[in-house]
Amino acid sequence: MTKKFTLSVILLMSIVFLSGCTVNLGNFEYAGDKDPVTVPKSTHTTVILDFQLGVGSIILEVNPTATYLVDVENKVSIREGSGGSLEEAEEVTYSEINFETMKVEFDSQDVDIQVDYSYAITIKVANNITLKINLRAATGDISMSISDPSITINSLDLETSTGEISLTLGVVQFSDLSPKVKTSTGTQDITISDVIYTSSTAWSISLSTGTLYLDIDDTGPPSNVSMTHEFDITDSTGVLSVTADLHQDYGLKITTSVSTGNVDIPGDGESYTSANYNSATQKYDFTISASTGDITFSTGS
């Protein structure tokens, strides 16, 4: 994913917004930055990030030395001939939900109308907090990278209509029962490495047209707590590539379905179950389906 923004952002395409409205975007020129939004540290230990973006990009990362709770930069580009201005572009806001919870939000306010603004948003959060994350973009990219054991993620929902999602989760506390990652047209590049799960999870990863690269690394010995991590992966047209490097004591089940395309997974056929699946205290269960495309699944080196 390209994280650099030039002075001229050229987006010549027609998109279908979440509302189903088709819009020709035109050319965008960089206009400047809105004033940064900085949420100071206080009693708040939970942060809700709710960002709804029409055109542009969202980057989320942790700053372990931050003296703030959240800091957001918002770079604005304006469509040529629109008459838009930097002053009229939308701003990031924040509000206190309660003594422990702060909400930081952004809504580009341009669904169903001619898009006049493109936003490049960078969100930096402090460590030692709990995050509830809802990031959506109609046309654009979402990049999220968190690897800090003092961070707890108890809600994760990422979605783009046209664009790329890049998600990297390292050693982080994870308690969302049903995380979701969705794209309509684009690529998903997901790396999940040594995540500290506090409960079973049921991941929903879906694409309409595009490619998925999913890399899971969980090579530490499983605990005695029974958990099953389910991954429901669907794609209408594209390539689904999964690598799971797991400790030998984890149970593994793979079920695939493809109408037109090839399947390459451990064992023979379109399904696989490890010999220790029923007896394992911790399991990974993958259901992978595509209408037209190829499915590959490897178990690491």
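About the thresholds
- All residue numbers refer to position in the chain's written sequence, counted from 1.
- Totals for whole chains, interfaces and linings use every residue, but because this is a predicted model, local features are given only for residues with pLDDT of at least 70 and side-chain atom pairs only at 80 or more, for both listing and counting.
- Side-chain metrics in this entry use all non-hydrogen atoms of the structure; hydrogen atoms and water are not considered.
- Segments assigned H or I by DSSP are reported as helices when at least four residues long, segments assigned E as strands when at least two residues long, and all are numbered from the N terminus.
- What the globule rule says is 2.2 Å times the number of residues to the power 0.38, and the radius of gyration is computed from C-alpha atoms.
- Two residues qualify as a contact provided that any one of their heavy atoms is within 4.5 Å of a heavy atom in the partner residue.
- Where accessible areas are quoted, they stem from the Shrake-Rupley method and a 1.4 Å probe; at the residue level, only the protein chains shown are allowed to cover.
- Positive residues here are Lys and Arg, negative ones are Asp and Glu, while His and the chain termini are left out of the count.
- Charge placement uses NZ in Lys and CZ in Arg. For Asp and Glu, CG and CD serve respectively.
- Confidence scores per residue from the predictor, reported as pLDDT, run from 0 to 100.
- For this analysis, a salt bridge means a side-chain nitrogen from Lys or Arg found within 4 Å of a carboxyl oxygen belonging to Asp or Glu.
- A 1.4 Å probe rolled over the protein chains alone gives each residue an accessible area, and that area as a share of the maximum for its type sets the label: buried under 20%, exposed over 50%, partly exposed in between.
- Nine residue types can take part in a nonpolar core, namely buried Ala, Val, Leu, Ile, Met, Phe, Trp, Tyr and Cys, and a core is a set of them joined through side-chain atoms within 4.5 Å.
- At least two bridges found by DSSP between two strands is the condition for calling them paired.
- Here a pair means two rings of Phe, Tyr or Trp (six-membered ring of Trp) with centres within 6.5 Å. Their orientation is stacked below 30 degrees between planes, edge-to-face above 60, and tilted elsewhere.

Helix and strand counts for the protein come out as zero helices and 22 strands. In terms of C-alpha radius of gyration, the protein reaches 20 Å, essentially the compact-globule figure of 19 Å for 301 residues. Once the C-alpha set of the protein is aligned to its principal axes, its extents read approximately 65 × 50 × 30 Å. Within the protein, counting contacts between residues at least 6 apart in sequence, those at least 24 apart form 68% of the total. Summing over all exposed atoms, the protein offers an accessible surface of approximately 13200 Å²; the carbon and sulfur share of this is 46%. Taking the average location of the 14 positive side-chain charges in the protein and that of its 40 negative ones, the two points are 4 Å from each other.

Here we take up the confidence of the model for the protein. Overall, the predicted model of the protein reaches an average pLDDT of 90, with 90% of residues at or above 70. Confidence drops under pLDDT 50 across residues 1-23; counting only partners more than four residues distant or on other chains, this segment forms 54 contacts.

Attention shifts here to the pattern of salt bridges. Evaluation of the coordinates by the stated rule reveals seven salt bridges. Here lysine 75 ties to aspartate 33 by a salt bridge, and the two come within 3.2 Å at their closest N and O atoms. Placement of the pair is lysine 75 in strand β7 (residues 68-79) and aspartate 33 in strand β4 (residues 27-33), with a sequence separation of 42 residues. Salt-bridge contacts for arginine 79 lead to aspartate 116; the nearest nitrogen and oxygen are separated by 2.6 Å. Residue arginine 79 is found in strand β7, and its partner aspartate 116 is found in the loop between β9 (101-107) and β10 (117-125); the two are separated by 37 residues along the sequence. Judged by relative accessible area, which is 16%, arginine 79 ranks as buried. Via salt bridges that share partners, Asp50, Lys103 and Glu105 belong to a single interconnected network.

On to the nonpolar core, then. In this structure, Phe51, Ile123, Ile133, Leu214, Phe231 and Phe286 are the most contacted members of the largest nonpolar core, which totals 70 residues. Once residues lying within four places of it in the same chain are set aside, the contact partners of phenylalanine 286 are Leu214, Ile216, Phe231, Ile233, Val242, Ala244, Leu252, Lys253, Ile254, Thr255 and Phe297.

Residues other than glycine seldom take positive phi values, yet glutamine 109 does so here, at roughly 60°. You can see glutamine 109 is positioned in the loop between β9 and β10. Its identity as a non-glycine residue notwithstanding, aspartate 194 has a phi of 55°, on the positive side. Structurally, aspartate 194 is set in the loop between β15 (180-193) and β16 (196-197).

Moving on: the pairing of strand β18 (residues 227-246). Here strand β17 (residues 201-218) runs beside β18; their pairing, made up of 17 bridges, is parallel. When the sheet's bridge partners are listed, alanine 202 is paired in β18 with glutamate 230. As judged from the 16 bridges shared by β18 and strand β22 (residues 282-298), these two strands associate in the parallel manner. Bridge pairing links phenylalanine 231 to phenylalanine 286 in β22.

A full pass over the atoms with the stated rule returns 11 aromatic pairs. Ring centres 6.4 Å apart and planes at 25° place the aromatic pair phenylalanine 51 and phenylalanine 106 in the stacked group. Separated by 55 residues along the polypeptide, phenylalanine 51 in strand β6 (residues 46-62) and phenylalanine 106 in strand β9 bring together distant segments of the chain. Each member of the pair, phenylalanine 51 together with phenylalanine 106, is buried. With centroids separated by 5.8 Å and ring planes inclined at 75°, the aromatic side chains of phenylalanine 174 and tyrosine 197 adopt a geometry described as edge-to-face.

Next up on the list: the environment of valine 39. Tracing the backbone through its elements, the reader meets valine 39 in strand β5 (residues 37-40). According to the relative accessible area criterion, valine 39 is buried, its value standing at 1%. Put simply, valine 39 and threonine 219 are 180 residues apart on the chain and 37 Å apart in space, counted from C-alpha to C-alpha. In this view, valine 39 contacts Tyr68, Leu69, Val70, Tyr94, Met102 and Val104; residues no more than four positions away in its chain are not counted.

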